[in-house]
Amino acid sequence: MASSSVTAIHFFLLSIALFSSVCCLSASNPYILSIKKDQATNLFYTSVGIGTPRQNFNLVIDLAGENLWYDCDTNYNSSSYRPIACGSKRCPEIGCVGCNGPFKPGCTNNTCPANTINPLANFLFGGGLAEDIIFISQLQVSGLLSSCVDTDRLPSFTGSDSPLNGLPKSSKGIIGLSRSQLALPTQLASANKLPTKFSLCLPSSNKQGFTNLLVGGYPQELSKFVQTTPLIVNPVSTGPVSVEGVPSKEYFIDVKSVKIDGNVLNLKPSLLSIDNKGNGGTKISTMSPFTELQSSVYKPFIREFLKRASDRKLKRVASVAPFEACFDSSTIGNSVTGLVVPTIDLVLQGGVQWTIHGANSMVMAKKNVACLAFVDGGTEPRMSFVKASIVIGGHQLVDNLLVFDLASSKLSFSSSLLLHNASCS
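Calculation criteria
- The residue numbers shown here count from 1 along each chain, following its written sequence.
- Totals for whole chains, interfaces and linings use all residues, but because this is a predicted model, local features are given only for residues with pLDDT of at least 70 and pairs of side-chain atoms are given and counted only at 80 or more.
- Side-chain measures here rest on the full set of heavy atoms in the structure, leaving out hydrogens and waters.
- DSSP calls a pair of strands paired once it identifies at least 2 bridges connecting them.
- Numbered from the N terminus, helices here are DSSP runs of H or I no shorter than four residues, and strands are runs of E no shorter than two.
- By definition, disulfides here are pairs of cysteine sulfur atoms that lie within 2.5 Å.
- Partly exposed describes any residue whose relative accessible area lies between the buried limit of under 20% and the exposed limit of over 50%, with all areas from a 1.4 Å probe on protein chains only and scaled to the type maximum.
- Patch membership is restricted to residues that have no salt bridge and whose relative accessible area is over 30%. Joining uses 9 Å for like charges and 5 Å for the nonpolar side chains Val, Leu, Ile, Met, Phe, Trp and Tyr.
- Exposure was quantified through the Shrake-Rupley algorithm and a 1.4 Å probe, taking into account, for residues, occlusion by the shown protein chains and nothing else.
- What makes a salt bridge here is a side-chain nitrogen of Lys or Arg within 4 Å of a carboxyl oxygen of Asp or Glu, nothing more.
- Side-chain atoms within 4.5 Å link the members of a nonpolar core, which is a set of buried Ala, Val, Leu, Ile, Met, Phe, Trp, Tyr and Cys residues.
- Contact definition: two residues touch when any of their heavy atoms are within 4.5 Å.
- Geometry is summarised by axes, namely lines fitted to C-alpha atoms with helices restricted to the contacting stretch, and by angles between N-to-C directions that run from 0 to 180 degrees.

**Concerning the sheet that holds strand 26 (residues 369-372)**
Next, step 1: Read from one edge of the open sheet, four strands run 19-20-26-25, paired in antiparallel fashion. Each edge of the open sheet carries a strand with a single partner, namely strand 19 (316-317) and strand 25 (362-366).
Next, step 2: Here strand 20 (residues 326-328) runs beside strand 26; their pairing, made up of three bridges, is antiparallel. Paired with C326 across the bridge in strand 26 is C371.

**What to know about the pairing of strand 25**
Next, step 1: Two elements, strand 25 and strand 26, share four bridges in a ladder whose sense is antiparallel. Its bridge partner lying in strand 26, M364 is registered against A370.

**What about the state of the cysteines?**
Next, step 1: This model, assessed by the stated rule, comprises six disulfides.
Next, step 2: Disulfide pairing places C326 opposite C371 at an S-S distance of 2.0 Å. Because the torsion about its S-S bond is 105°, the bridge between C326 and C371 counts as right-handed. A residue pair is termed long-range when its members are at least 10 positions apart, and C326 in strand 20 and C371 in strand 26 qualify at 45 residues. Across this residue pair, the class does not change: C326 and C371 are buried.
Next, step 3: The connectivity of the disulfide bonds within the chain can be written as 1-8, 2-4, 3-7, 5-6, 9-12, 10-11, using the sequence rank of each bonded cysteine.

**Thoughts on the pairing of strand 9 (residues 139-149)**
Next, step 1: Bridge count for strand 5 (residues 68-71) against strand 9 is three bridges, and the pairing is parallel. The partner of D71 across the bridge, within strand 9, is V149.
Next, step 2: Taken together, the eight bridges between strand 8 (residues 126-136) and strand 9 define a ladder with antiparallel strand orientation. Within strand 9, the position partnered with G128 by the bridge is C148.
Next, step 3: In sequence, strand 8 turns back onto strand 9 through a hairpin of two residues, with S137 there showing a positive phi of about 60°.

**Quick notes on a nonpolar patch on the surface**
Next, step 1: There is a patch of nonpolar side chains on the surface, built from L124, V241, V243 and V246 and spanning about 290 Å² of accessible area.
Next, step 2: Note on placement: V241 falls in the loop between strand 13 (227-232) and strand 14 (252-253).

**Details of the nonpolar core**
Next, step 1: In terms of nonpolar packing, the biggest core is built from 71 residues, with Y70, I284, F301, W354 and F404 touching the most fellow members.
Next, step 2: Of the residues forming this core, the biggest block, seven residues, is contributed by helix 3 (residues 295-311).
Next, step 3: In contact with F301, other than residues within four places in its own chain, are V258, I260, L265, L293, I344, L372 and F374.

**Regarding the environment of C112**
Next, step 1: Tracing the backbone through its elements, the reader meets C112 in the loop between strand 6 (82-83) and strand 7 (113-115).
Next, step 2: Looking at C112, the relative accessible area reads 0%, which means it is buried.
Next, step 3: For the pair C112 and E93, spaced 19 residues apart in the sequence, the C-alpha separation amounts to 6.8 Å.
Next, step 4: The residues contacting C112, other than those within four sequence positions of it, are I84, A85, C86, C91, P92, E93, V97, G127, G128 and L129.

**Things to note about helix 1 (residues 184-191)**
Next, step 1: Here helix 1 lies mainly inside the structure; six of its eight residues are buried.
Next, step 2: Where helix 1 is buried, its residues meet strand 8, strand 9, strand 10 (171-176) and strand 11 (197-201).
Next, step 3: Looking one or two residues past helix 1, K193 carries a phi angle of roughly 55°, positive in sign.

**Remarks on the pattern of salt bridges**
Next, step 1: Under the defined criterion, the tally for this structure stands at nine salt bridges.
Next, step 2: Residues D405 and K197 are paired through a salt bridge, measuring 3.5 Å at the closest nitrogen-oxygen approach. Of this pair, D405 sits in strand 29 (residues 400-405) while K197 sits in strand 11, and the two are 208 residues apart along the sequence.
Next, step 3: Residue D405 is classed as buried on the basis of its relative accessible area, which comes to 13%.
Next, step 4: According to the relative accessible area criterion, K197 is buried, its value standing at 16%.
Next, step 5: Across the pair D311 and R308 runs a salt bridge, and its minimum N-O distance is 3.4 Å. Remark: R308 and D311 occur in helix 3; sequence separation between them is three residues, near one turn of the helix.
Next, step 6: In this structure R308 comes out as buried when scored by relative accessible area, which is 16%.

**Thoughts on the sheet that holds strand 16 (residues 263-264)**
Next, step 1: Taken in spatial order, the four strands line up as 16-15-23-24 in an open sheet, and their pairing is antiparallel. Pairing within the sheet leaves two strands with one partner each, and these edge strands are strand 16 and strand 24 (353-356).
Next, step 2: In this sheet, strand 23 (residues 344-348) lies alongside strand 15 (residues 255-260) in antiparallel orientation, the contact comprising five bridges. In the sheet register, K259 faces strand 23, and the bridge partner there is D345.
Next, step 3: Against the sheet, helix 3 makes contact with strand 15, strand 16 and strand 23, and its axis sits at roughly 30° relative to strand 15, the strand it touches most.

**Remarks on the environment of I175**
Next, step 1: Take I175: it is sitting in strand 10.
Next, step 2: The exposure class assigned to I175 is buried, which follows from its relative accessible area of 4%.
Next, step 3: For the pair formed by I175 and S146, sequence separation is 29 residues and the distance between their alpha carbons is 9.4 Å.
Next, step 4: Aside from chain neighbours lying at most four places away, what touches I175 is T46, L59, V60, I61, D62, N67, L68 and L184.

Set out below in structure tokens:
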């Protein structure tokens, strides 16, 4: 942190802590998971221990991920690994998976199927659902369900075809935080008979931050920083596996309009709402490094930003892929919230505004060149059958406190904590 006067918001992974049998502890014994940013991919990851003996895995944080899955390659084994039998009460899926052996985690018979989805991969991969010991920091939890895939058994799927494609080199899977019943927050809330609520605070740069799965509440001293808006349920599956009649597990918010320096962007209202096929709307993603705008939103957005930047006498320079609007950083001032550029407001249901300042809207693409960190998402979906109009990416979430209250279907958000002399680092 740049100054000792800046308050670091250190969040617990869980506001309740659990005995190894997934029973109740007090908030004085919280789980803490540090988050790091991978500079090569601009993705965020954390580390958990799994199995007996314990092995640590770096897992990428995915707000759309439906479970925790990891690479149980030939170097991995666990004596506490217990596959869930297909057709059993704990198996949420229809069907069964098996393996020819030798039997180990990732290779069992008569096992409940589970997806091991990486939205950056080129293929879908399946695994088996199992129960094993999971260590969150130094605290041991049993009774949690996860999935694993043995990548060594997939010799034809290497490089860009690997289940780990696009993830940081040090990471070996994904920790999912979606609405799924297999997501970590939901499993822990269910085990403790508490409402599902968690918060997330991503660190800037390569500093260390903390994620927080707050079951039942969050520190009241932070309440003065946040505003609240409804979480919207997209009635259509938005993931790579679409089941008719099953709603999306991702987190959508109702953006009514977009403003740049107070000027409302001229957008078709239909682009900001979710249509009957599940297209449109605004979702929040930690797997998109930068905010992606569907082309019909992106083009007027860029035009308006460039106009307002010109009004501020910012000198435009050549684009740096994948960014279009780039500027000579020497013509841009600095403030506590980063580079002084046109502010971006997402006007949400109820009239509250999510304000994006320079620290979250701009990125230094190269020496003396600052670019608007919003990209053209095109018109075609990827690893999905539907496409959102706005995907709020990880860079825009940095140093923003987000509290996901699934029980009441609400999102509380702080906008930049830098405004309050605080951060997620």
